[in-house]
Amino acid sequence: MKLLIVNGPNLNLLGIREKHIYGDRDYDALCRYIRAEAERLGCEVELFQSNHEGAIVDRIQQSYFDGTEGIVINPAAYTHTSVAILDALKAVQLPAVEVHLSDVNAREEFRRLSYAGMACEAHFIGLGFEGYARAMEYLCKL
Ligand code: DQA
């Protein structure tokens, strides 16, 4: 199974940003973790990270044409603001799963609203890196 893993803004600064919330492992460590878990599950993954909303929309649109069979997405701050990412996920009609490293429901009120989550069939929230493994596993079982 071919999966697209999308990470939104500031996740490239993992290991630097708010370590008390996101931990001290960096984005490269996250990529290595995802690749190792994909190998264990026997699925193919492509990793994409961007700080730009339009670039994320473009990459999700591309997934319709490139043989992607499922999307794991942590839209980061765009989770709470982006109707464009929600619409892109709906447009491509691929099974999508939402991941957040931190427990967004236990933080500020504004983090409880997830637009992208409305187009996702499963949600792994507050599990750190493991959320990505659980999301990939969920999609591989479909
Ligand atoms: C996040 C949670 C978001 O609210 C925040 O803006 C992020 C990261 C998470 O993985 O916990 O950048 O998506």
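It should be emphasised that the depicted structure is a prediction, and the values quoted were computed from it without experimental measurement.

1. Some points on the environment of Arg17
Turning to step 1, where the next piece is worked out: When you line up the elements, Arg17 lands in the loop between strand S1 (2-7) and helix H1 (19-22).
Turning to step 2, where the next piece is worked out: With relative accessibility at 19%, the residue Arg17 sits in the buried group.
Turning to step 3, where the next piece is worked out: Residues Arg17 and Gln93 lie 76 residues apart in sequence; the distance between their C-alpha atoms is 33 Å.
Turning to step 4, where the next piece is worked out: With sequence-adjacent residues up to four places away left out, Arg17 is seen in contact with Pro9, Asn10, Leu11 and Tyr22.

2. Points about the packing of aromatic side chains
Turning to step 1, where the next piece is worked out: Applying the stated rule across the entire model yields 2 aromatic pairs.
Turning to step 2, where the next piece is worked out: Judged by centre distance (5.6 Å) and plane angle (50°), the ring pair of Tyr33 and Phe129 falls under tilted. A residue pair is termed long-range when its members are at least 10 positions apart, and Tyr33 in helix H2 (residues 27-41) and Phe129 in the loop between strand S5 (122-125) and helix H5 (130-140) qualify at 96 residues.
Turning to step 3, where the next piece is worked out: Residue Tyr33 is classed as partly exposed on the basis of its relative accessible area, which comes to 21%.
Turning to step 4, where the next piece is worked out: Overall, Phe129 belongs to the buried group, its relative accessible area being 5%.
Turning to step 5, where the next piece is worked out: Ring geometry for Tyr64 against Phe65: centres 5.1 Å apart, planes inclined by 80°, an arrangement best described as edge-to-face.
Turning to step 6, where the next piece is worked out: When its relative accessible area of 70% is taken as the criterion, Phe65 is described as exposed.
Turning to step 7, where the next piece is worked out: It is Arg25 that lies over the ring of Phe129; its NZ or CZ is 3.8 Å from the centre.

3. So, unusual backbone geometry
Turning to step 1, where the next piece is worked out: Here the phi dihedral of Ala76 falls at roughly 50°; this positive angle occurs in a residue that is not glycine.
Turning to step 2, where the next piece is worked out: Relative to the elements of secondary structure, Ala76 occurs in the loop between strand S3 (70-74) and helix H4 (83-92).

4. Thoughts on H4
An α-helical turn contains 3.6 residues, so any two residues separated by three or four positions project in the same direction.
Turning to step 1, where the next piece is worked out: When H4 is considered as a whole, its buried residues turn out to be Ile85, Leu86, Ala88, Leu89 and Val92. The buried side chains of H4 occupy one side of the element, clustering within an arc of 160° when seen end-on.
Turning to step 2, where the next piece is worked out: Buried residues along H4 sit against helix H3 (53-63), S3 and strand S4 (96-100).
Turning to step 3, where the next piece is worked out: Put simply, Ser82 is the residue that caps the front of H4, since its side-chain oxygen is 3.4 Å from the backbone nitrogen of Ala84.

So, how was this worked out
Residues numbered from 1 in each chain as written. Predicted model: local features only at pLDDT ≥ 70, side-chain atom pairs only at ≥ 80, totals over all residues. Heavy atoms only, no water. Helix = DSSP H or I, 4+ residues; strand = E, 2+ residues; numbered from the N terminus. Buried < 20%, exposed > 50% of the residue type's maximum accessible area, 1.4 Å probe, protein only. Contact = heavy atoms within 4.5 Å. Phe/Tyr/Trp six-rings, centres within 6.5 Å; stacked < 30°, edge-to-face > 60°. Lys NZ or Arg CZ within 6 Å of the ring centre and 35° of its normal. Arc of directions from axis to C-beta. Polar contact = N/O pair within 3.5 Å; in protein donor to acceptor, adjacent residues only side chain to side chain.

Read these as spatial facts, not as claims about activity.
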